Amino acid sequence: MNKTEFLRTVSRNMKKYRDTHGLTQEQFAEKAGISLSFCAAVETGRKVPSAFTLRKMADRLDVTVDYFLYQDSVSKEI
């Protein structure tokens, strides 16, 4: 997996979480503990969360970090 594919995967999984839970970007950002501008930048592939940020988001959203890192990652546990 190259960097572009990684960014795309994280972006898709964030959007999937938002869609599944019926959240706007603003609601997702607040719940995940990130800024709205950072959320938008990740979803458009302009930025990638650090390992620390991914862990914080996963903890706050009650999913594993794997949820964001892998394609077709839909379960809480792998």
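Conventions we followed
Residues numbered from 1 in each chain as written. Predicted model: local features only at pLDDT ≥ 70, side-chain atom pairs only at ≥ 80, totals over all residues. Heavy atoms only, no water. Helix = DSSP H or I, 4+ residues; strand = E, 2+ residues; numbered from the N terminus. Expected span 1.5 Å × (residues − 1). Buried < 20%, exposed > 50% of the residue type's maximum accessible area, 1.4 Å probe, protein only. Contact = heavy atoms within 4.5 Å. Polar contact = N/O pair within 3.5 Å; in protein donor to acceptor, adjacent residues only side chain to side chain. Axes fitted to C-alpha atoms, helices over the stretch in contact; angles between N-to-C directions. Parallel < 35°, antiparallel > 145°, perpendicular 65-115°, else oblique. Nonpolar A, V, L, I, M, F, W, Y, C, P; charged D, E, K, R; others polar.

Turning to helix H1 (residues 3–21), a few remarks are in order. Every α-helical turn comprises 3.6 residues, leaving residues that sit three or four positions apart pointing alike. Under the 1.5 Å per step criterion, the end-to-end length of H1 is 27 Å for 19 residues, consistent within 8% with the ideal 27 Å. Buried residues of H1: Leu7, Thr9, Val10, Ser11, Asn13, Met14, Tyr17 and Arg18, and no others. Of the surrounding elements, those touching the buried residues of H1 are helix H2 (25–32), helix H3 (36–43), helix H4 (51–61) and helix H5 (66–69). Capping the start of H1 is the job of one residue whose side-chain oxygen sits 3.0 Å from the backbone nitrogen of Thr4: Asn2. After H1 finishes, the residue Gly22 shows a positive phi value of roughly 60°.

Let us now look at the packing of H1 against H2. Two elements in contact, H1 and H2, have axes whose closest approach is 10 Å; the angle formed by their N-to-C orientations is 105°. As summarised for this structure, H1 and H2 are arranged roughly perpendicular, according to the angle between their axes. Together, Met14, Tyr17 and Arg18 of H1 and Gln25, Phe28 and Lys31 of H2 make up the contact between the two elements. Of the residues contributing to the contact of H1 with H2, the split by class is three nonpolar, one polar and two charged.

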